[in-house]
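Residues per chain are reported as follows:
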Amino acid sequence: MSASFCTSCQMDEDASTLKSCSGCSTVRYCSKECQSEHWKIHKLMCRQLKPDEVWGIKLLCKRELAALPPSPEPDIARRIKHILLKKNHAVFTKGDLCPATQAYGFPLLIFSDGVHLGRQGKGSENQPAVYLRIEPEDGFAPPNWQMLDPDDCIVVRRDCKPLTREAMEACYAFHAMLMSDVYGYPEEHGWPPGKEHITRAAFPLFYRKYYRDQHELGRKQFKPVYRPL
Ligand SMILES: [Zn+2]
Ligand SMILES: [Zn+2]
């Protein structure tokens, strides 16, 4: 990793003063305090990956969400699970590039058994997955994503870096905001076309605010994703 900022507080640091996590060496911290504060989140992903392994996200469908035990976490967070994948997983060959994420500089691939393999028997609604798949031009997902219930989906970063739950949630929240506040309004309300909001500048602004909002809601463990790249 060449980036020189603390994974926990995200402050810029001289690379030489940051200490790597000895468990995985993929994250770096400015202090012991930052490391221990981040541990609750990081422990889920702290392991030495083999060269063919990638941290992705399993995005649970509505049926799986309904089967989970009660929790104070918001539903969107409960739907986002870490999953360790091999680089030969179908998401890398058959998955769709989410075009909006590509446009704002955080390209994600998404794969659904229902959409990509035609396994529709157990199909269940997965609105977060459909939102991730929207086209920047008009905010619509392709017909197969809307017509076939995608059931659970696998999401990875195209660059194969670890996809964190916080980054996944912020991406979904950005798309949900676009769907309600941008694509949902006719032009006379003064919004420019949706694709003008999907930029490398807009997304970081959005997720800074999203992070602050989550802290105000009492989600102290929700970590900033200022610098997902
Ligand atoms: Zn720090
Ligand atoms: Zn670690």
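Computed from a predicted model, the values in this text were never measured in an experiment.

Undergrad: Sorry if this is basic, but what is going on with the overall build of the chain here?
TA: Helix and strand counts for the chain come out as 10 helices and seven strands. On C-alpha atoms alone, the chain measures out to a radius of gyration of 18 Å, which is about the 17 Å that the 2.2 N^0.38 rule sets for 229 residues. By its C-alpha atoms, the chain is 50 × 45 × 35 Å across when sized along the principal axes. Across the 229 residues in the chain, those meeting the buried criterion constitute 45%. For the chain, the computed accessible surface area is about 11900 Å², with 54% contributed by carbon and sulfur atoms. Of the side chains in the chain, 32 bear a positive and 28 a negative charge, and the two mean positions are spaced by 8 Å.

Undergrad: What is the right way to read the domain arrangement of the chain from this model?
TA: Put simply, an interface is often sized by how much accessible area is lost when its parts join up. Here the domain parsing of the chain yields domain 1 (1-48) and domain 2 (53-215). In this structure, domain 1 and domain 2 have C-alpha centres spaced 26 Å apart. At the junction of the two partners, domain 1 supplies five residues and domain 2 supplies eight residues. Here domain 1 meets domain 2 over a buried area of about 600 Å², counting both sides, of which 68% is carbon and sulfur. Per-residue buried area on domain 1 facing domain 2 is highest for L44, M45 and R47; these three make up 77% of the total on that side. At the junction of domain 1 and domain 2, the tally comes to one salt bridge. Counting every contact that joins domain 1 to domain 2 gives one residue pair in polar contact (both at pLDDT 80 or more). In the side of domain 1 that touches domain 2, the residues fall into three nonpolar, one polar and one charged.

Undergrad: Got a minute to help me understand unusual backbone geometry in this structure?
TA: Comment: phi is negative for the bulk of residues other than glycine, and the bulk of peptide bonds are trans. At S25, a position not held by glycine, the phi torsion is positive, near 55°. With respect to the element layout, S25 can be found in the loop between β1 (19-20) and β2 (28-29). For C160, which is not a glycine, the phi torsion comes out positive at approximately 70°. Structurally, C160 can be placed in the loop between β7 (153-157) and α9 (165-182).

Undergrad: Could you clarify how one ought to interpret the pattern of salt bridges in this entry?
TA: Proximity of charged atoms lets side chains of opposite charge pair with each other. Applying the stated criterion to the full structure yields 12 salt bridges. A salt bridge links K50 to E53; its shortest N-O distance comes to 4.0 Å. E169 is the salt-bridge partner of R219, the closest N and O atoms lying 2.7 Å from each other. Taken together, the positions of R219 in the segment after α10 (202-216) and E169 in helix α9 put the pair 50 residues apart, joining distant regions of the chain. As far as the burial class goes, R219 and E169 line up, both buried. The network of salt bridges with common partners includes R47, K50 and E53.

Parameters and conventions
As a convention, each chain's residues are numbered from 1 in the sequence order in which they are written. The order in which chains are written sets their letters, starting at A; the order in which ligands are written sets their numbers, starting at 1. Residues qualify for local features only when their pLDDT is at least 70, as the model is predicted, and side-chain atom pairs are given and counted only at 80 or more; totals for whole chains, interfaces and linings, by contrast, use all residues. Only hydrogens and water are removed before side-chain values are computed, so all heavy atoms of the structure are retained for them. Under the scheme used here, helices are H or I runs from DSSP no shorter than 4 residues and strands are E runs no shorter than 2 residues, and both carry numbers assigned from the N terminus. With the radius of gyration taken over C-alpha atoms, the globule rule is written as 2.2 Å times the number of residues to the power 0.38. Throughout this description, buried means an accessible area under 20% of the type-specific maximum (1.4 Å probe, protein chains only), exposed means over 50%, and partly exposed covers the range between. In this description, accessible areas are obtained by the Shrake-Rupley approach with a 1.4 Å probe, and a residue is regarded as covered only by the protein chains that are shown. Charge assignment: positive for Lys and Arg, negative for Asp and Glu; neither His nor the chain ends contribute. For charged residues, the charge sits on one atom: NZ in Lys, CZ in Arg, CG in Asp, CD in Glu. A domain assignment, automatic or from a database, supplies the domain bounds used here. Contacts were defined at the residue level, with two residues in contact if any of their heavy atoms lie within 4.5 Å. In this description, buried area is defined as the sum, over both parts, of the accessible area (probe of 1.4 Å) that is lost when the two are combined. Put simply, a salt bridge is a Lys or Arg side-chain nitrogen that is within 4 Å of an Asp or Glu carboxyl oxygen. Whenever a nitrogen or oxygen atom comes within 3.5 Å of another N or O atom, the pair is scored as a polar contact, on the condition that within protein one atom can donate a hydrogen and the other can accept it, and that pairs from neighbouring residues in sequence are kept only if both atoms are in side chains. Here the nonpolar group is Ala, Val, Leu, Ile, Met, Phe, Trp, Tyr, Cys and Pro; Asp, Glu, Lys and Arg are the charged ones; every other residue, Gly included, is treated as polar.

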